[in-house]
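Listed below, chain by chain, are the residues.
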Amino acid sequence: MNKKIYFLPFLLLLLVLTSCEETKEAGKFDNWKARNVAFMDSLQTEYDEAPNHGGLQRFAPKSAPNVMVYYKDITGDNTVTDRKPLSTESVNYFYRGSYIFGETFDENFAGADPDEDFETPYTAAVTDFVVGFTYGLQNMKEGQRWILYIPYQVGYGENGSSNGDIRGYTTLIFDLTLVNVVE
């Protein structure tokens, strides 16, 4: 009987240690490719099934006609012109880039909305970016604001950005305002 009493605390300690080893918190980049593919699939489903496509619109870049880039026009009260940038031009724009789980990876405005009185738009050639972003800019009119969803195939691909800041298979989400085409 005494042997059984000594064995019980040892058995309980063994169970506690074993259960602690099995608990592992999922990382924010676990199953990254599958999660990003599923995110883009959910946009396709929303586009196909929701009334008015759930507010989504889409286009396929000419260099990747089988890949859809989705966007929502959230322009609001901004003044919009009919002017769209050509691939040979430069533009002024505000942007906030984020991952599918909402974390921002880069931005050039601080608040909920860009404020030209206190913040400076970024200026760059339209072709300085990944394919999806370039075609997004070329489809926008001056003054428009979009939420742009760029799948990895026309973003940074399987390998990610050259500096390692963006992982491979990342869907890029941009809050993008085209301020104007640089004359």
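Everything discussed here concerns the structure shown above.
This structure is a prediction, so every number in the text was calculated from the model and none was measured.

Participant: An account of the side chain of Gln144 is needed here, citing residue identities and associated values.
Facilitator: Here Gln144 is to be found in the loop between helix H3 (131–139) and strand E6 (145–150). A residue is classified by how much of its surface remains accessible, and Gln144, at 11% relative accessible area, is buried. Every residue in contact with Gln144, bar those within four places of it in the chain, is listed here: Asp73, Thr75, Val80, Asn139, Leu176, Thr177 and Leu178.

Participant: Kindly report on the side chain of Thr75, identifying the contributing residues and their values.
Facilitator: By the secondary structure assignment, Thr75 is in the loop between strand E2 (69–73) and strand E3 (90–98). Thr75 sits in the buried class, given a relative accessible area of 11%. Of the polar contacts made by the side chain of Thr75, one reaches the backbone nitrogen of Arg145; its length is 3.1 Å. Ignoring any residue separated from it by four or fewer positions in sequence, one finds Thr75 in contact with Val80, Gly143, Gln144 and Arg145.

Participant: Now, about H3: what can you tell me, with residues and values included?
Facilitator: Within H3 the residues assigned to the buried category are Gly132, Phe133, Thr134, Gly136 and Leu137. The inward-facing, buried residues of H3 contact strand E1 (56–59), E2, E3, E6 and strand E7 (172–181).

Participant: So, the packing of aromatic side chains: which residues are in play, and what are the values?
Facilitator: For any pair of aromatic rings, the description consists of the separation of the ring centres together with the inter-plane angle of the planes. Inspection of every chain in the model, using the stated rule, returns 21 aromatic pairs. Centroid distance Phe29 to Trp32: 4.8 Å. Interplanar angle 75°. Geometry classified as edge-to-face. Looking at Trp32, the relative accessible area reads 6%, which means it is buried. Ring geometry for Tyr71 against Trp146: centres 3.7 Å apart, planes inclined by 15°, an arrangement best described as stacked. Here Tyr71, found in strand E2, pairs with Trp146, found in strand E6; they are 75 residues apart in sequence, far enough to count as distant. The same class applies to Tyr71 as to Trp146, namely buried. Connected via pairs of aromatic rings, a cluster forms that spans Phe29, Trp32, Tyr93, Tyr95, Tyr99, Phe101, Phe105, Tyr122, Phe129, Phe133 and Phe174.

Participant: Lay out the layout of surface pockets with the relevant residues and their values.
Facilitator: The volume enclosed by the largest pocket comes to roughly 380 Å³. Taken together, 18 residues line the largest pocket, and the ones lying closest to its centre are Tyr95, Phe105, Asp106, Tyr156 and Phe174. Put simply, the parts of the chain that give the lining of the largest pocket at least two residues each are E3, strand E4 (104–107), strand E5 (122–125) and E7. When its residues are assigned to classes, the lining of the largest pocket shows twelve nonpolar, three polar and three charged.

Participant: Describe the pattern of salt bridges, and please don't skip the residues or the numbers.
Facilitator: Under the counting rule described, the total for this entry stands at eight salt bridges. We note a salt bridge from Glu183 to Arg83, for which the minimum N-O separation is 3.6 Å. Linking Glu183 in the segment after E7 with Arg83 in the loop between E2 and E3, this pair joins segments that are 100 residues apart in sequence. A residue is classified by how much of its surface remains accessible, and Glu183, at 81% relative accessible area, is exposed.

So, how was this worked out
Within every chain, residues take consecutive numbers counted from 1 along the sequence as written. Two thresholds apply to this predicted model, a pLDDT of at least 70 for residue-level local features and 80 or more for giving and counting side-chain atom pairs, whereas whole-chain, interface and lining totals are computed over all residues. Based on all heavy atoms of the structure, the side-chain values leave hydrogens and waters out of the count. Counting from the N terminus, the helices are the DSSP runs of H or I reaching at least four residues and the strands are the DSSP runs of E reaching at least two. For each residue, the accessible area found with a 1.4 Å probe, counting protein chains only, is set against the maximum for its type, and the residue is called buried under 20%, exposed over 50%, and partly exposed in between. Should any heavy atoms of two residues lie within 4.5 Å, those residues are considered in contact. Residues adjacent in sequence count toward polar contacts only when both atoms are side-chain atoms; beyond that, a polar contact is any pair of N or O atoms within 3.5 Å, and within protein one must be able to donate a hydrogen and the other to accept it. Pairing of aromatic rings covers Phe, Tyr and Trp, the last counted by its six-membered ring, and requires centre-to-centre distances within 6.5 Å; plane angles under 30 degrees mean stacked, over 60 mean edge-to-face, and any other angle means tilted. As defined here, a cavity is a set of points on a 1 Å grid over the protein atoms alone where a 1.4 Å probe fits but cannot get out. A pocket is an open set with protein on both sides within 12 Å along at least five of seven lines, and residues line them when an atom is within 4 Å of a point. Grid points are joined across faces, edges and corners, and a volume is the space filled by probe spheres set on the points. Each residue gets one label: Ala, Val, Leu, Ile, Met, Phe, Trp, Tyr, Cys and Pro are nonpolar, Asp, Glu, Lys and Arg are charged, and the others, such as Gly, are polar. Put simply, a salt bridge is a Lys or Arg side-chain nitrogen that is within 4 Å of an Asp or Glu carboxyl oxygen.

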